[in-house]
Amino acid sequence: MSKRNVLWSWFWMFLGGLYFFLPLLATFEFSLKARKGVYSFLAYERVFADPLFLRTFIFSLEMAVFTALAGILLIFPTVYWIRLKLPQLRGLIEFVSMLPFVVPAIVLVFGLIRVFSGAPFFLTNTFTGTNVLLVAAYVVLTMPYLYRSIDTGLQAIDVRTLTEAAQSLGAGWGTILFRVILPNVRVSILSGSFLAVATVMGEFTIASFLVGIRAFGPYMSLVGQNKTYESSSLAIISFALTWAFIGLIQLLNRGRVQTQIAGAH
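About the thresholds
- Residues numbered from 1 in each chain as written.
- Predicted model: local features only at pLDDT ≥ 70, side-chain atom pairs only at ≥ 80, totals over all residues.
- Heavy atoms only, no water.
- UniProt positions renumbered as here; feature names shortened; annotations may be inferred.
- Helix = DSSP H or I, 4+ residues; strand = E, 2+ residues; numbered from the N terminus.
- Salt bridge = Lys/Arg side-chain N within 4 Å of Asp/Glu carboxyl O.
- Buried < 20%, exposed > 50% of the residue type's maximum accessible area, 1.4 Å probe, protein only.
- Phe/Tyr/Trp six-rings, centres within 6.5 Å; stacked < 30°, edge-to-face > 60°.
- Core = buried A, V, L, I, M, F, W, Y, C linked by side-chain atoms within 4.5 Å.
- Contact = heavy atoms within 4.5 Å.
- Polar contact = N/O pair within 3.5 Å; in protein donor to acceptor, adjacent residues only side chain to side chain.

Colleague: Could you give an account of the UniProt feature "domain: ABC transmembrane type-1" (unreviewed entry) in the protein, with specific residues and numbers?
Modeller: Per the UniProt record, the feature "domain: ABC transmembrane type-1" (unreviewed entry) sits at residues 53–247. In residues 53–247, the share of helix is 81% and the share of strand is 0%. The end C-alpha atoms are 23 Å apart.

Okay, here's the thing in C-alpha cells:
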C-alpha cells in the first residue's frame, strides 16, 4: 500500500472518529452543566438517587437476560438441526428471521395484546403473564441478531464431522449439542446475546404498552420529557453500559483464543 493510500485511510478513520465521538462529547459536556456556572456531576447524582432508575434498570436487565436465554434455547438447536439435516430450508428460515425488521414494533405489540388479553390466555391480566409476554416479544424482536450470530458461528465449524465423531463415541443429542457444538460457537452466541441485551435495554415501544414505567426504556423517555440535564446523563450512562458489555465479550473472546493456542501447542 502506498504512502498516499495510508494517509487517506487514516484521514477517513479520523473523520469517522470525529463523527462518532463529537456528539458524545457534546452530550457529556452538557450533562455536567446542571449546576449553574460550574461543571459538576449533579445530574448523575440525581439520576442515581432516583429509586426508579435502579428499579427500572434491574427490571429491564432481568428481561434482557431472560430474552437472551430463551432466544438461545430456541434458535441454537434450530439452526444446528437445519445445518445438519435440513439445509434446503435455510432460505426460508433466513426469510423468517428477517421479518422483525419488516413488521414494526407497534404492530407486534398491538397484535400480542389483542391475542393474549382474552380467552384462553389472559396473559396481560397478571404480572407474571405480562412479563412472559414481554420476553416473548423481545425474543421475536432480537431474533435477527441471534440468528445471524449463531448461524455465522456454526458456518465456521464442521458441524457434520463433529456430530458424527461424537456419535461414534456414544454421545447423545444433548451431549453433542451442549458439550461439543456449543463450546465451539460460544463467542458467536455471546455476541448475539450482547446485541439482544443492548436492544432490550433501550427498547421503548413494546415495553411502554406492556409494562409502562417499570422498564428502563420508558423511564428514559419520561426523564427526557421532564429533565434536560438528567436525560443527557442517562444517555451517557447507557452508552457506558453498552461499551462495558463489549469489553466483557472481548475479554471472554481473548480467553477462548488463548485456550485454543495453548491446545494447539
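Still more ground to cover, so stick around.
Colleague: Can you break down the UniProt feature "transmembrane region" (unreviewed entry) in the protein residue by residue, with the values?
Modeller: Listed under "transmembrane region" (unreviewed entry) in the UniProt record, and renumbered for this structure, are residues 7–32, 52–80, 92–113, 119–141, 189–213 and 233–252. Each end of residues 7–32 is marked by a C-alpha atom, and these two atoms are 36 Å apart; helix forms 96% of the span and strand 0%. Between the end C-alpha atoms of residues 189–213 there is a gap of 30 Å, over a span that is 80% helix and 0% strand.

Colleague: Would you mind going over unusual backbone geometry in detail, with residue names and values included?
Modeller: Located in the positive-phi region is Phe122, a residue other than glycine, with phi close to 55°. Within the element layout of this structure, Phe122 appears in the loop between α6 (105–116) and α7 (127–155).

Colleague: Describe the pattern of salt bridges, with residues and values.
Modeller: One pass over the structure, following the stated rule, counts 5 salt bridges. Linking Asp151 and Arg90 is a salt bridge whose minimum nitrogen-to-oxygen distance equals 3.1 Å. Here Asp151, found in helix α7, pairs with Arg90, found in helix α4 (residues 90–97); they are 61 residues apart in sequence, far enough to count as distant. For Asp151, a relative accessible area of 5% puts it in the buried group.

Colleague: Give a description of the packing of aromatic side chains that names residues and reports values.
Modeller: Applying the stated criterion across every chain yields a total of 19 aromatic pairs. Where Phe11 meets Trp12, the ring centres are 5.2 Å apart and the plane angle is 70°; that geometry is what we call edge-to-face. Aromatic ring contacts, followed pair by pair, group Phe48, Phe53, Phe57, Phe216 and Tyr219 into a single cluster.

Colleague: Quick rundown of the nonpolar core? Include the residues and the values.
Modeller: If you look at the biggest cluster of nonpolar residues, it comprises 32 residues, and the most contacted ones within it are Leu134 and Ile206. Elements supplying a minimum of two residues to this core: α2 (42–49), α3 (51–84), α6, α7, α10 (186–202), α11 (205–210), α12 (216–226) and α13 (228–264). No other element matches the 7 residues that α7 contributes to this core. The contact partners of Ile206, leaving out residues within four places of it in the chain, are Ala105, Leu108, Val109, Leu134, Ala137, Tyr138 and Leu141. Core analysis: the second largest hydrophobic core is formed by 19 residues, Leu146, Leu154, Val159 and Ile189 among them.

Colleague: An account of the side chain of Ser149 is requested, with residue identities and associated values reported.
Modeller: Among the secondary structure elements, Ser149 is positioned in helix α7. Within the structure, the side chain of Ser149 is placed 2.9 Å from the backbone oxygen of Tyr145, a separation counted as a polar contact. In this view, Ser149 contacts Ser188, Ser191, Gly192 and Leu195; residues no more than four positions away in its chain are not counted.

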